[in-house]
Structure formats: C-alpha cells, structure tokens
Amino acid sequence: MELPDFLKYKDKFTKSGFMEKISRIAKRAGAKLVYASLILFYTVESDKVSMKEKAIILGALGYLISPLDVVPDAIPIAGLGDDLAVLIYVLNMLWEKIGDDVKDKARQKLSTWFDEDELKAADELFHENPNDAPV
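The numbers attached to residues start from 1 for each chain and follow its sequence in the written order. In view of the model being predicted, local features appear only for residues whose pLDDT reaches at least 70, and side-chain atom pairs are presented and counted only at 80 or more, with totals across whole chains, interfaces and linings using the full set of residues. Neither water nor hydrogens contribute to the side-chain values; these are computed over all heavy atoms in the structure.

Asks: Lay out the overall build of the chain in plain terms, naming residues and giving numbers.
Replies: Under the DSSP-based scheme used, a helix requires at least four consecutive residues in state H or I and a strand at least two consecutive residues in state E, with every element numbered from the N terminus. Counting secondary structure elements, the chain contains six helices and zero strands. Along the chain, helices and strands appear, N-terminal first, in the series α-α-α-α-α-α. Considering only residue pairs separated by 6 or more positions, the chain has 72% of its internal contacts joining residues 24 or more positions apart. Put simply, the chain shows about 7,100 Å² of open surface, and 53% of that area lies on carbon and sulfur atoms. Throughout, a contact is declared for two residues whenever any of their heavy atoms are within 4.5 Å. Residue exposure ignores everything except the shown protein chains as possible cover, and the areas themselves are Shrake-Rupley values with a 1.4 Å probe.

Written out as structure tokens, the structure reads:
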C-alpha cells in the first residue's frame, strides 16, 4: 500500500478537532490506533523533535481527522487501517525520539476511554519498536 502525501493534511490538524474525533471514534478504532495517535499528539509538544518532524506528525494526525481518506473511515475494519498505517509509519520514523514521559501521558489519557483489557491490547502495539509489534 502506498502512503499518501500526508504533509498536505497538516493544515487540517487542530487540537480540538483531534480530541473531538478521537473521543468520537475511540471504541470503534480500538486502543491501538488511539494510543498511537495520542503518542504522536503528545510528541508534538516535545523539544526532542524538529519543526520538520512536527510538521510530519501534524500531517499524519491531520490525515487521521480528515474526512478525506484513501479508504473511507465508514468502511468497517478496513476504514481505519490506512490511518493506522500512516501513524505506525510516522511512529517508526520517530521512535528513538519518543520518551517514556510521552508514552505514559498517552497511556494515562487512553485509560479514560478504555478498560484494563483494552489497555493491555494497546500495550502490545509497542515493544521496543513499533515494527516489532503485531497490528
């Protein structure tokens, strides 16, 4: 699957739009997609990533909240697959710069929407590197 040019989506990203969309789709999207998106969301606030990397993150998050997708979100199961692919791609690219503080903050927010069993599924997403985890 070829990834879209997600930098064109960076202007679609807003903090309020992101939180509103994530809270609306959280249960349908699953803990893994929400956890990945929250990690990227909180990474934007980090001083460990460059402005270019922040633009890439905002592009990926903008793609997530944009109603225009390669695979429309309304399609069951497959609809959010392209969004997850973009998030995993960007996470893999920046993994070394993502601190435990960001992961902890994302997991804490995740716990407001998901129960303990669902949180365990999210924990499986990332071991040491997102490429090593099953999706």
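Asks: Tell me what's going on with the packing of helix H2 (residues 31-43) against helix H5 (residues 100-110), and back it up with residues and numbers.
Replies: Where H2 contacts H5, the two axes come as close as 8 Å, and the packing angle between them is 130 degrees. By the angle between their directions, the pair H2 and H5 is classed as oblique. The handedness of the crossing between H2 and H5 is right-handed. Together, Ala31, Val34, Tyr35, Leu38, Ile39, Tyr42 and Thr43 of H2 and Val102, Lys103, Lys105, Ala106, Arg107, Lys109 and Leu110 of H5 make up the contact between the two elements. Under the convention adopted here, Pro, Cys and the residues Ala, Val, Leu, Ile, Met, Phe, Trp and Tyr are nonpolar, Asp, Glu, Lys and Arg are charged, and Gly plus all remaining residues are polar. Considered class by class, the residues forming the contact of H2 with H5 number nine nonpolar, one polar and four charged. Interaxial angle, 0 to 180 degrees, is taken between N-to-C directions of lines fitted to C-alpha atoms, where a helix line uses only the stretch in contact. An angle below 35 degrees is read as roughly parallel, one above 145 as roughly antiparallel, one from 65 to 115 as roughly perpendicular, and any other as oblique. Put simply, a crossing is left-handed when the front helix is turned counterclockwise from the back one by less than a right angle, and right-handed when it is turned clockwise.

Asks: Run through the nonpolar core, naming residues and quoting values.
Replies: Put simply, buried Ala, Val, Leu, Ile, Met, Phe, Trp, Tyr and Cys residues joined by side-chain atoms within 4.5 Å make one nonpolar core. A 1.4 Å probe rolled over the protein chains alone gives each residue an accessible area, and that area as a share of the maximum for its type sets the label: buried under 20%, exposed over 50%, partly exposed in between. Formed by 40 residues in total, the largest nonpolar core has its most connected members in Phe18, Val34, Leu38, Leu61, Leu91, Leu110 and Phe114. Counting residues per element, the ones that place at least two in this core are helix H1 (15-29), H2, helix H3 (51-65), helix H4 (81-94), H5 and helix H6 (116-125). Of all the elements, H2 adds the most residues to this core, at ten residues. Leaving out residues up to four positions away in the same chain, Val34 has contacts with Ile22, Ala26, Ala29, Leu110, Trp113 and Phe114.

Asks: Describe H2, naming the residues involved and giving the relevant values.
Replies: Helix length check: H2, at 13 residues, gives a terminal C-alpha distance of 18 Å against a target of 18 Å (1.5 Å per residue), a fit within 8%. Of all 13 residues in H2, 13 are buried; the element is thus mostly enclosed. The span one expects for a helix is its residue count, reduced by one, times 1.5 Å.

Asks: Talk me through the packing of aromatic side chains; I want residue IDs and the actual numbers.
Replies: How two aromatic rings sit relative to each other is given by the distance of their centres and the angle of their planes. Whether two aromatic rings pair depends on their centres lying within 6.5 Å, for rings of Phe, Tyr and Trp, where Trp uses its six-membered ring; planes under 30 degrees apart make the pair stacked, over 60 edge-to-face, and the rest tilted. Tallied over the entire structure, the rule returns one aromatic pair. Summarising the aromatic geometry, the rings of Phe41 and Tyr42 are spaced 5.2 Å apart at their centres and angled 70 degrees between planes, so their arrangement reads as edge-to-face. Residue classification places Tyr42 among the buried positions, given a relative accessible area of 10%.

Nothing here speaks to function; it is geometry throughout.
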